[in-house]
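Listed below, chain by chain, are the residues.
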Amino acid sequence: MRNTGIIRKVDELGRIVIPSTLRETLKINTGCQFEVYTDSDYIILEKYNNEEKRNKGAILRIVDELGRLVIPMEIRENYEIYEKTELEIYLEKDIIILKKHETTCVFCNETRKLKKFKEKLVCLKCIHKLLLENEEQEK
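Remember, it's a predicted structure, so these values are computed and weren't measured experimentally.

Criteria and thresholds
Residues numbered from 1 in each chain as written. Predicted model: local features only at pLDDT ≥ 70, side-chain atom pairs only at ≥ 80, totals over all residues. Heavy atoms only, no water. Helix = DSSP H or I, 4+ residues; strand = E, 2+ residues; numbered from the N terminus. Rg over C-alpha atoms; globule rule 2.2 N^0.38 Å. Buried < 20%, exposed > 50% of the residue type's maximum accessible area, 1.4 Å probe, protein only. Contact = heavy atoms within 4.5 Å. Lys, Arg positive; Asp, Glu negative; His and termini not counted. Salt bridge = Lys/Arg side-chain N within 4 Å of Asp/Glu carboxyl O. Patch = residues over 30% accessible without salt bridge, like charges linked within 9 Å, V, L, I, M, F, W, Y side chains within 5 Å. Areas by Shrake-Rupley, 256 points an atom, 1.4 Å probe, with all protein chains shown as cover. Pairing = 2+ DSSP bridges. Axes fitted to C-alpha atoms, helices over the stretch in contact; angles between N-to-C directions.

Colleague: In this structure, what is going on with the overall build of the protein chain? I would like to understand it.
Modeller: Summing up its helical and strand segments, the protein chain has three helices and ten strands in all. Walking the protein chain from its N terminus toward its C terminus, one meets helices and strands in the order β-β-α-β-β-β-β-α-β-β-β-β-α. Taking 139 residues into account, the globule formula puts the C-alpha radius of gyration at 14 Å, and the protein chain, at 18 Å, lies well above it. Projected onto its principal axes, the C-alpha coordinates of the protein chain cover approximately 60 × 30 × 25 Å.

Colleague: How should I be thinking about the side chain of E35 in this particular structure?
Modeller: Within the element layout of this structure, E35 appears in strand 3 (residues 33–39). Residue E35 is classed as buried on the basis of its relative accessible area of 4%. Apart from residues no more than four positions distant in its own chain, E35 is found in contact with I44, L45, E46, Y48, R54, N55, A58, I59 and L60.

Colleague: Teacher, can you tell me more about the side chain of R76 here?
Modeller: Among the secondary structure elements, R76 is positioned in helix 2 (residues 73–78). Among buried charged residues, R76 stands out as having no salt bridge; its nearest opposite-charge side chain is E77, 6.8 Å away. Residues within four places of R76 in sequence aside, it is in contact with L13, G14, V70, I71 and I81.

Colleague: Is there a simple way to think about unusual backbone geometry in this case?
Modeller: Both trends apply: most residues other than glycine have a negative phi, and most peptide bonds are in trans. Of note in the backbone geometry, E80 takes a positive phi value of approximately 55 degrees without being a glycine. Its place among the elements puts E80 in the loop between helix 2 and strand 7 (86–92). Despite not being glycine, N109 has its phi angle at roughly 70 degrees, a positive value. Of note, N109 is situated in the loop between strand 8 (95–100) and strand 9 (114–117).

Colleague: How do you make sense of the environment of E133 when you look at a structure like this?
Modeller: Here E133 lies in helix 3 (residues 124–138). With a relative accessible area of 46%, E133 lands in the partly exposed category. When the C-alpha atoms of E133 and E52 are compared, they prove to be 50 Å apart, with 81 residues separating the residues in sequence.

Colleague: Help me out: how do you make sense of the pattern of salt bridges in this one?
Modeller: Oppositely charged side chains can pair when the atoms bearing their charge come close. Following the criterion strictly, the structure yields five salt bridges and no others. Its salt-bridge partner being D41, residue K120 comes within 3.1 Å of it at the nearest N-O pair. Here K120 is found in strand 10 (residues 120–123), whereas its partner D41 is found in the loop between strand 3 and strand 4 (42–47), with 79 residues between them in sequence. According to the relative accessible area criterion, K120 is partly exposed, its value standing at 25%.

Colleague: Honestly, a nonpolar patch on the surface in this entry has me stumped. Any pointers?
Modeller: Among the surface-exposed residues, V106, F107 and L130 lie close enough to one another that they form a single nonpolar patch of about 280 Å² accessible area. By secondary structure assignment, the location of V106 is in the loop between strand 8 and strand 9. Classification of V106 by relative accessible area gives partly exposed; the value is 39%.

Colleague: Would you take a moment to explain the sheet that holds strand 8 for this structure?
Modeller: Strand pairing in a sheet is mediated by backbone hydrogen bonds. Such pairs are either parallel or antiparallel. Here six strands make up an open sheet; going across it, the order is 1-7-8-4-3-5 and the pairing antiparallel. Each edge of the open sheet is held by one strand with a lone partner, namely strand 1 (2–9) and strand 5 (59–62). Direction aside, neighbouring strands of the sheet carry axes that sit 30 degrees apart on average. As judged from the six bridges shared by strand 3 and strand 4, these two strands associate in the antiparallel manner. Bridge pairing in strand 4 links T38 to I43.

Structural data, given as C-alpha cells:
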C-alpha cells in the first residue's frame, strides 16, 4: 500500500473529494461507480466492474462532477467520521484506500510526544504505563 501523502476532510454531507491526480491516474470520470466497503481500519473504494462479482457488503457510490464520492452513513458512524474528519488516502494498484488520520494517542488522546507502534500512535506517558504494567504481570 502506497501512501499518497494526501489528506482530505469529509464535508458536511459525508463526501470526500478524490484528488484530481488520482482521478487522472485511475481514469475516474463523472458517473464512475465505486464499491465502498471496509477492512479493519480502512475504507476501501474500488471501481465497480459490471462483469465481476460485487464484493460482499459493498455499497455502490457514484463520483460526481467535482470528483466527490459519498461515504455511506453506516460506515461514517462506525468509524466515527464526522464533518471535517481528516482521511489519509492510500493507493494499492487501482484501489483507493481511506484511513482516518490520527494525530492523538490511542489511549489518552494526548497530542504531544507520540510514537508509532503497529500503525497506532501512543504517547510516551502511556508507553511508560504499559511497560510498568507489563513488568508487574511478569512478576
